[in-house]
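Read off the chains here:
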Amino acid sequence: MKKTSIFKKIIAGVLSAITVFSVGTVALTSASAAETGVVESVKYKGNTIYYSDDYFRHSSTEYDEHLATLSCIMTNFSVPLDNPSSLDSDWYLKQPERLYGFFGSIGFKDFETNEDYVSRSRFDSIGVGCANKQVDDYTVIGVGIRSGGYFREWSNNVYLGDGTKSDYMHEGWYNAANKTIDYINEYISANRITGKIKVWIAGFSRGGATANLAAGLLDNKILNDEEIFSNDVTLTRDDLYAYTFEAPQGANYNSETVEKPGSELYNNIYNVVNPNDLVPKVAMSEYGFTRFGIDKFITTEFFDPDNFADNRDVFLNLYEENGTPRSEYKADDFKMYGTPLKKMAPLVAELVACLPAGVAEVVSQIKDGTILVKDDTKANYDANIATYLLLEEMTKNIGSRSDYCSKYQQGVSNFLLTLMNDVDALKKDELEYLAGKLLLSEAVSSVPGFGDLAEDAIRDVLPADTNADEVIDSIGPLLDVVGDVYWERPNELISVGLYVKEIFQNHDNGINIAHLEAQDSYYVANYNNNHGILMPKVELRDSADFGRVTCKDYNDIGLYNENGKINLVSVKGAKGVKSEVKKCTKGFAVGYYSYATEEGLELFVPVNRKYILNMMSYSIKPKHTVSYSAFYQSVSPNSDCRFRDGRGNFSDWYFMNSDFLQRGVNMNYYK
């Protein structure tokens, strides 16, 4: 960064008011505690922060629950508050002030940023701030990537590129990652750092995707013994610490110049992911996208039904301790709604017609059964499965990565550039409202008289001086895809549209911090001491893989354990009668669909188990070919098994004309 005197003066003036003070040291012990067992506790802007130099005295390939929490807090303070009041406001120069204060609170010095962090955001900008601290004979360089409040950079998030300029990685985040590496080099030179260094890098959301690729690229440079930094410094893989949170997928299995994702090379990169968050599911897995490193997952009811209530109570206690009433937490409220297909269009048309009265009123009408009703006799998916199925269907309708780039990419990018243009940028709740309205509007776009609802919703939020027709034309092709998806996944589309706010609450960094504190013995011990209870910590999961079984034209099934003695899922059907879910054990999910020409079932089951599946067909078609498929769906790049073609690795595939079939289903790892 070119240091300017005006930046120094303004940042010094703004930050002189920040109070950073030590509240002493606390002795805490745990399985992963620092060797000394003594950790400094500091208060910064009302937040309790635990720090120890020992976080950097072990190999970066060892997951550190405390460094993970600290990293998540760092990403939170990388975000500037509010919107600029005008384009000539000094707000831009003040963007890094909270990150500066964070680093100062834990003893890091010489804070500097790149120009992007103190300038108006652009399509391709990325804010990076660095500070350093001496730990033994190492200089630890902390790298915070701006992880929110980046406005026009939103348009860069959807810029996948065709892969030719980014070795098939996400082009927008690949360029941001290289800018980040370049700035670390500039920072090292400007501060005359030499000798052995450690690099600690963290990011959330877009910042997380950038941090993930930057760390992955650095790992490859270290592997290939490339000269990374111009000064006389040395960096080893064991000294590169990377933690990301709710990071989208920017690495790619098709890359040719780097080691493949899933390689042990990247075992110094940890990605904390909430399965119910939509954002980490993009860019699309069907195009080969994934993350470098090891994914660790926040627990959900589907993956841990037996312990979910207790685990969630620990999280909510800490969430409330951080200043937010637990009543405001709605992320687990997602429900599936449905109605017979022949009634769907007019009912949803009625729903959308109510939108001028306000989304809250419409949602209340749906949830009390006035328009649509919760129907767990047809589907009981959680947000993870519902959004997974919607993205899968959208990708099918979009086509290949090349199709996305040529038909949709520029239009969607321009649309977001318009909506997130600094002073006029939409607030989070406005974006959520718009997203829900667009999904519901497109569900009835083919109903006479309702084709313009989505356009009207967009016009309502555009700045007055915007060419609305041009913006609508740019996003039109993608909205058409959403309309097409409705006819394949109507209940999923409507349910996600209704629960957009609840789903995106999973992408709130304040919630992330509470989840990280729940897995951190320091915060749990502190809460227990303050409240006189014995609350356990909540471990992150190492996997969010699941098994998926699809049965076409079978409408009566029974899923049993391996010896056939315990019934886990039961769906009952008969000739000429719609099937109903009669039983679904917690930790399993099932969906039944009935269209004009076919009906079928989809099961989602825990992996690393074997099952027996009985299937009976009472098809509505006089001549039909039933089919059954099962595959192990891998989510993590570090799993032994991961899909490359289609949505999974097929462990079993069967076509036949028999109306009854019994199969053994193996949902164990295989390569």
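Residues numbered from 1 in each chain as written. Predicted model: local features only at pLDDT ≥ 70, side-chain atom pairs only at ≥ 80, totals over all residues. Heavy atoms only, no water.

S.K.: Before we go on, may I ask you to explain the overall build of the protein chain in this structure?
M.R.: When helices and strands are tallied, the protein chain shows 19 helices and 25 strands. In the protein chain, which comprises 671 residues, the proportion classed as buried is 60%. Put simply, 74% of the contacts in the protein chain that link residues at least 6 apart link residues at least 24 apart. (Helix = DSSP H or I, 4+ residues; strand = E, 2+ residues; numbered from the N terminus. Buried < 20%, exposed > 50% of the residue type's maximum accessible area, 1.4 Å probe, protein only. Contact = heavy atoms within 4.5 Å.)

S.K.: Teacher, can you tell me more about the side chain of Ser 78 here?
M.R.: Positionally, Ser 78 belongs in the loop between α2 (65-77) and α3 (91-94). For Ser 78, the contacting residues outside a window of four places in its chain are Leu 99, Tyr 117, Ile 145, Arg 146 and Ser 147.

S.K.: Mind showing me how you'd approach the environment of Leu 391 here?
M.R.: Inspection of the secondary structure puts Leu 391 in helix α11 (residues 383-398). The spatial distance from the C-alpha of Leu 391 to the C-alpha of Ser 285 is 9.5 Å, given a sequence separation of 106 residues.

S.K.: Looking at this structure, how should I read the nonpolar core?
M.R.: What tends to happen in soluble globular proteins is that the nonpolar side chains get buried as a cluster. One finds Phe 334, Tyr 381, Ile 398, Tyr 404, Ile 458 and Phe 604 to be the most contacted residues of the largest nonpolar core, which totals 67 residues. Of all the secondary-structure elements, those providing two or more residues to this core are α3, α11, α12 (401-419), α13 (428-443), α14 (453-461), α15 (468-488), α16 (490-498) and α17 (500-505). Of the residues forming this core, the biggest block, 10 residues, is contributed by α15. Beyond its immediate sequence surroundings of up to four residues, Ile 398 is in contact with Met 284, Tyr 287, Asp 403, Tyr 404, Tyr 408, Leu 478 and Val 481. (Core = buried A, V, L, I, M, F, W, Y, C linked by side-chain atoms within 4.5 Å.)

S.K.: Sorry, what's going on with the packing of α12 against α15 here?
M.R.: Axis angle and axis distance: for two packed helices, these are the angle between their axes and the distance between the axes, and together they describe the pair. Running from amino to carboxyl end, α12 crosses α15 at an angle of 125°, the nearest separation of the two axes being 8 Å. Judged on the interaxial angle alone, α15 and α12 are oblique. Where α12 crosses over α15, the handedness of that crossing is left-handed. Touching Lys 407, Tyr 408, Gly 411, Val 412, Phe 415 and Thr 418 of α12 are Val 471, Ser 474, Ile 475, Pro 477, Leu 478 and Val 481, all from α15. Split into classes, the residues belonging to the contact of α12 with α15 amount to eight nonpolar, three polar and one charged. (Axes fitted to C-alpha atoms, helices over the stretch in contact; angles between N-to-C directions. Parallel < 35°, antiparallel > 145°, perpendicular 65-115°, else oblique. Left-handed = near helix turned anticlockwise from the far one by under 90°. Nonpolar A, V, L, I, M, F, W, Y, C, P; charged D, E, K, R; others polar.)

S.K.: When you look at α12 in this model, what are you seeing that I'm missing?
M.R.: For an α-helix, the turn length of 3.6 residues means that residues three or four places apart are oriented alike. Along α12, the sharpest kink reaches roughly 55°, centred on Tyr 408. Considered for burial, the residues of α12 that qualify are Arg 401, Tyr 404, Cys 405, Tyr 408, Gln 409, Gly 411, Val 412, Ser 413, Phe 415, Leu 416 and Leu 419. (Bend = angle between axes of the 7 residues up to and from the residue.)

S.K.: What exactly am I supposed to notice about the packing of α14 against α15 here?
M.R.: Closest axis-to-axis distance for the α14/α15 pair is 10 Å, and the angle between their directions is 135°. In terms of axis orientation, α14 runs oblique to α15. The handedness of the crossing between α14 and α15 comes out as right-handed. Where α14 abuts α15, its residues Ala 454, Glu 455, Ile 458 and Arg 459 lie against Ala 468, Asp 469, Val 471, Ile 472, Ile 475 and Leu 479. Taken together, the residues of the contact of α14 with α15 sort by class into seven nonpolar, no polar and three charged.

S.K.: Looking at this structure, I do not really get the pattern of salt bridges. What am I missing?
M.R.: Charged atoms that come close allow side chains of opposite charge to pair. Taken as a whole and judged by the stated rule, the model has 30 salt bridges. Across the salt bridge formed by Asp 136 and Arg 57, the nearest N and O atoms sit 2.8 Å from each other. Taken together, the residues span a long stretch of sequence, with Asp 136 in the loop between β5 (128-135) and β6 (138-145) and Arg 57 in the loop between β3 (47-51) and α2 at a distance of 79 residues. Connected through shared salt-bridge partners, Glu 392, Arg 489, Glu 492, Arg 548 and Glu 602 make up one network. (Salt bridge = Lys/Arg side-chain N within 4 Å of Asp/Glu carboxyl O.)

S.K.: Any chance you could explain the pairing of strand β13 (residues 294-297) here in plain terms?
M.R.: Remark: a regular strand shows side chains that alternate across the two faces of the sheet. Every second residue of β13 is oriented toward a common face, with Ile 294 and Lys 296 on one face and Asp 295 and Phe 297 on the other, all of them buried. As paired elements, strand β11 (residues 269-273) and β13 share four bridges and run parallel to each other. Counterpart to Val 272 in the pairing with β13 is Lys 296. (Pairing = 2+ DSSP bridges.)

S.K.: Help me understand the side chain of Ser 285, please; the structure alone is not making it clear to me.
M.R.: One can find Ser 285 in the loop between β11 and β12 (289-290). On the basis of relative accessible area, Ser 285 is assigned to the buried category, the value being 13%. Among the polar contacts made by the side chain of Ser 285, one reaches the side chain of Gln 249 at a distance of 3.2 Å. (Polar contact = N/O pair within 3.5 Å; in protein donor to acceptor, adjacent residues only side chain to side chain.)

S.K.: I would appreciate a short explanation of unusual backbone geometry in the present structure.
M.R.: Across residues other than glycine, the phi torsion is negative in most instances, and most of the peptide bonds are trans. In this chain, Val 282 is followed by Ala 283 through a cis amide linkage whose omega measures 0°. Residue position: Ala 283 is located in the loop between β11 and β12. The backbone of Lys 45 shows a phi angle near 50°, a positive value even though the residue is not glycine. In this structure Lys 45 comes out as partly exposed when scored by relative accessible area, which is 44%. Even without glycine at this site, Asp 225 takes up a positive phi of about 55°.

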